[in-house]
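Read off the chains here:
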Amino acid sequence: MTAPSGRKALSILKDWHPDVVLTDIKMPDIDGLTLLKEVKEFDPTISVIIMTGYATIEFAVRALKDGAYDFFEKPFEIKKITHAVSHCLERTRLLRENQRLHQKLKNHGEFHGLIGKSEKLAQALDLISRVADTDVTVLIRGESGTGKELAAQALHAMSSRAPHRMITVNCPALPEQILESELFGYMKGAFTGATRNKQGLFLAANGSTILLDEIADIPISVQTKLLRVLQEKEIRPLGQNQSIKIDVRVIASTNQDLETKIEKGLFREDLFYRLNVVTIEMPALREIPEDIPLIAQHFLNLYAAEYGRERMSFAKETLSHLINRQWKGNVRELQNVIKRSVLLTTGSTIFPRDIPSKHTDDNNCRLIPSMSHLSYKEAKQEILSIFSKTYISEALKACNGNVTAAATRCGLERQALQRLMRRYGLRSVDFRYPKE
Ligand SMILES: Nc1ncnc2c1ncn2[C@@H]1O[C@H](COP(=O)(O)OP(=O)(O)OP(=O)(O)O)[C@@H](O)[C@H]1O
Ligand SMILES: [Mg+2]
């Protein structure tokens, strides 16, 4: 669409909503720089290219500062303009896609498969969307099961590299020698057994993204080579004299304390700084308890559909139980727990009792499990029963299942101990040492 003046352009713009605007500076009513400001106010995703016959550096700088995508002096080659326009189209498309996803996140709490509306998660997702379409190296940190791999996938999906497949390298899974040849490749005859050329994963990721998953575990020798790749942006397959230029966006992830590894000399500090240009921290589930119901419901819908149990739902107290439970394995553990309860619950309502409690070999567990879903009386009963079972079991174990000795140890009458054992279903034979 064309417009004879700046004002006319603005009115067309509001109806027609273009992707790209090309404008002159000197025009009958409002000038190009004012138009630029108005366009940006109306929709910042529209890309604006300025063209003028009165080019001065000052103008150009102001236009670019005000958000113009590019600036051309007349006369210009058409080829240059069409090139700039096609870049603008891509930029606008990505910005809108981004906006759409943000909106979606706000409305439904979903962002490239990452569920959650909490401030902490939103901050991580915001950072993801801001750095996604750049080439900066990103280090994703977070405990196991917090969605680091999903975050990497989102980074890739929102970049202009998205049409190509992201290559994921599970670093700890590969032994040192193999990791090196997998990453950088080799030429036929480079070593015994190299019967053909092998393309490394870096080369396979050319034009795309590579995710170095669990980077903390790679051996120092490979770290050194990786550092070179990040610095020089080129690789040299084993047995080849020439380096190959590559264009690969690198994302690394870890759930380990890299700073400690650096102190111990197990991780190169210079590599750390190269990887850590931007760090994205994925929050542990305990830091975002308000997201637990949303995530739980998401997995309930998912597995209920998968196993043909569409009518399943959580009892109200189950959600508070889930919020208060410990989640050492973070979202992955929550996902598994919901899957299991969908499979094993017989009725259509999932109650707290259908949620497996965490393993008792966990020393960090709270002494008293969360019970706010029970009445005071029920909770007291529950605690009393946990206490009695544990206490009596320990005494019986210490006395090799001898009830009289255990009673003396506990300061109880033999009959009283027997009553308690019956009530809690404990049998002395279960506490005898196995016979040799
Ligand atoms: N916010 C989230 N919303 C929905 N699903 C999630 C979320 N975070 C993680 N998941 C799911 O949890 C599981 C683990 O996620 P992912 O593999 O990305 O975690 P990770 O941090 O890489 O874990 P690890 O350190 O164990 O490799 C996946 O099934 C993933 O889909
Ligand atoms: Mg992972």
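The model shown is predicted, which means the values in this text are computed figures rather than measured ones.

Considering all chains together, one arrives at 16 salt bridges under this definition. Note that D19 is salt-bridged to R96, the shortest N-O span being 2.6 Å. Of this pair, D19 sits in the loop between α1 (6-16) and β1 (20-23) while R96 sits in helix α4 (residues 78-108), and the two are 77 residues apart along the sequence. You can call R96 partly exposed: its relative accessible area is 25%. Here D135 makes a salt bridge to R161, at a shortest N to O gap of 3.1 Å. Here D135 is found in the loop between α5 (119-131) and β6 (138-141), whereas its partner R161 is found in the loop between α6 (148-157) and β7 (167-170), with 26 residues between them in sequence. Linked by salt bridges that have partners in common, D19, D43 and R96 make up one network.

Let's shift gears to the pairing of β6. Neither face of β6 is open: one carries V138 and I140, the other L139 and R141, and all of them are buried. Bridge analysis of β6 against strand β14 (residues 278-281) gives four bridges, and the strand direction is parallel. Bridge pairing links L139 to T279 in β14.

Quick look at the layout of surface pockets now. Empty space within the second largest pocket amounts to approximately 560 Å³. Lining the second largest pocket we find 25 residues, and of these G145, T146, G147, K148 and L150 sit closest to its centre. Those elements that provide at least two residues to the lining of the second largest pocket are β5 (114-115), α6, α12 (292-306) and α14 (330-344). Grouping the amino acids of the lining of the second largest pocket by side-chain chemistry returns eleven nonpolar, nine polar and five charged. For the lining of the second largest pocket, the domains that each give at least three residues are domain 2 (109-281) and domain 3 (286-354).

Attention now goes to the domain arrangement of the protein chain. When cut into domains, the protein chain gives domain 1 (6-96), domain 2 (109-281), domain 3 (286-354) and domain 4 (376-431). Measuring from the centre of the C-alpha atoms in domain 3 to the corresponding centre in domain 4 gives 34 Å.

To continue, consider the sheet that holds β6. If you walk across this open sheet you meet the five strands as β7-β10-β13-β6-β14, and the pairing is parallel. Looking along the sheet, the strands with just one partner apiece sit at the ends: β7 and β14. Ignoring strand direction, the axes of neighbouring strands in this sheet form an average angle of 20°. Bridge count between strand β10 (residues 209-213) and strand β13 (residues 249-254): four bridges; the pairing is parallel. Bridged to I210 within β13 is V250.

Position of S393 among the secondary structure elements: in helix α15 (residues 376-398). Excluding residues that lie within four positions of it along the chain, S393 makes contacts with S388, L426 and F431.

To continue, consider the environment of Q223. Mapped onto the elements of the fold, Q223 is located in helix α9 (residues 220-232). Judged by relative accessible area, which is 0%, Q223 ranks as buried. Those residues within four positions of Q223 in sequence are excluded, and the remaining contacts are I218, L266, F267, R268 and L271.

Before going further, it helps to examine the side chain of T146. You can see T146 is positioned in the loop between β6 and α6. For T146, a relative accessible area of 5% gives the class buried. When near neighbours in sequence (up to four residues on either side) are disregarded, T146 contacts M282, P283, A284 and N330.

This paragraph deals with the confidence of the model for the protein chain. Scored by pLDDT, the protein chain comes out at a mean of 88, with 94% of its residues at no less than 70. Low pLDDT, under 50, characterises residues 359-367; the predicted model gives this stretch nine contacts beyond four residues in sequence or across chains.

Let's shift gears to the sheet that holds strand β3 (residues 70-73). Here three strands make up an open sheet; going across it, the order is β1-β2-β3 and the pairing parallel. Either end of the sheet is taken by a strand with one partner, and the two such strands are β1 and β3. Between one strand and the next, the sheet's axes are offset by a mean angle of 15°, whatever the strand orientation. Here strand β2 (residues 47-52) runs beside β3; their pairing, made up of four bridges, is parallel. Considered in β3, the bridge of T52 is made with E73.

Moving on, we get to the packing of helix α7 (residues 176-184) against α9. Close contact between α7 and α9 brings their axes to 10 Å; oriented N to C, the two are set at 15°. Judged by the inter-axis angle, α7 sits roughly parallel to α9. Handedness of the α7/α9 crossing: left-handed. Note on element contacts: α9 touches α7 through S221, V222, K225, L226 and V229, opposite E176, L179, E180, L183 and F184. Tallied by class, residues from the contact of α7 with α9 come to six nonpolar, one polar and three charged.

Next up on the list: a nonpolar patch on the surface. Among the surface-exposed residues, L384, F387 and Y391 lie close enough to one another that they form a single nonpolar patch of about 290 Å² accessible area. Take Y391: it is sitting in helix α15. For Y391, a relative accessible area of 37% translates into the label partly exposed.

A few words on the nonpolar core. Ranked by internal contacts, the top residues of the largest apolar core, which has 31 residues, are F202, I210, L212 and I215. Broken down by secondary-structure element, the contributors of at least two residues to this core are β7, α7, α8 (201-204), β10, α9, β13, α10 (258-263) and α11 (269-275).

Thresholds applied
- Residues numbered from 1 in each chain as written.
- Chains lettered and ligands numbered in written order.
- Predicted model: local features only at pLDDT ≥ 70, side-chain atom pairs only at ≥ 80, totals over all residues.
- Heavy atoms only, no water.
- Salt bridge = Lys/Arg side-chain N within 4 Å of Asp/Glu carboxyl O.
- Helix = DSSP H or I, 4+ residues; strand = E, 2+ residues; numbered from the N terminus.
- Buried < 20%, exposed > 50% of the residue type's maximum accessible area, 1.4 Å probe, protein only.
- Pairing = 2+ DSSP bridges.
- 1 Å grid on protein atoms, 1.4 Å probe; cavity = no way out; pocket = protein on both sides within 12 Å on 5 of 7 lines; lining within 4 Å.
- Points joined across faces, edges and corners; volume = space filled by probe spheres on them.
- Nonpolar A, V, L, I, M, F, W, Y, C, P; charged D, E, K, R; others polar.
- Domains from an automatic or database assignment.
- Axes fitted to C-alpha atoms, helices over the stretch in contact; angles between N-to-C directions.
- Contact = heavy atoms within 4.5 Å.
- pLDDT = per-residue confidence, 0-100.
- Parallel < 35°, antiparallel > 145°, perpendicular 65-115°, else oblique.
- Left-handed = near helix turned anticlockwise from the far one by under 90°.
- Patch = residues over 30% accessible without salt bridge, like charges linked within 9 Å, V, L, I, M, F, W, Y side chains within 5 Å.
- Areas by Shrake-Rupley, 256 points an atom, 1.4 Å probe, with all protein chains shown as cover.
- Core = buried A, V, L, I, M, F, W, Y, C linked by side-chain atoms within 4.5 Å.

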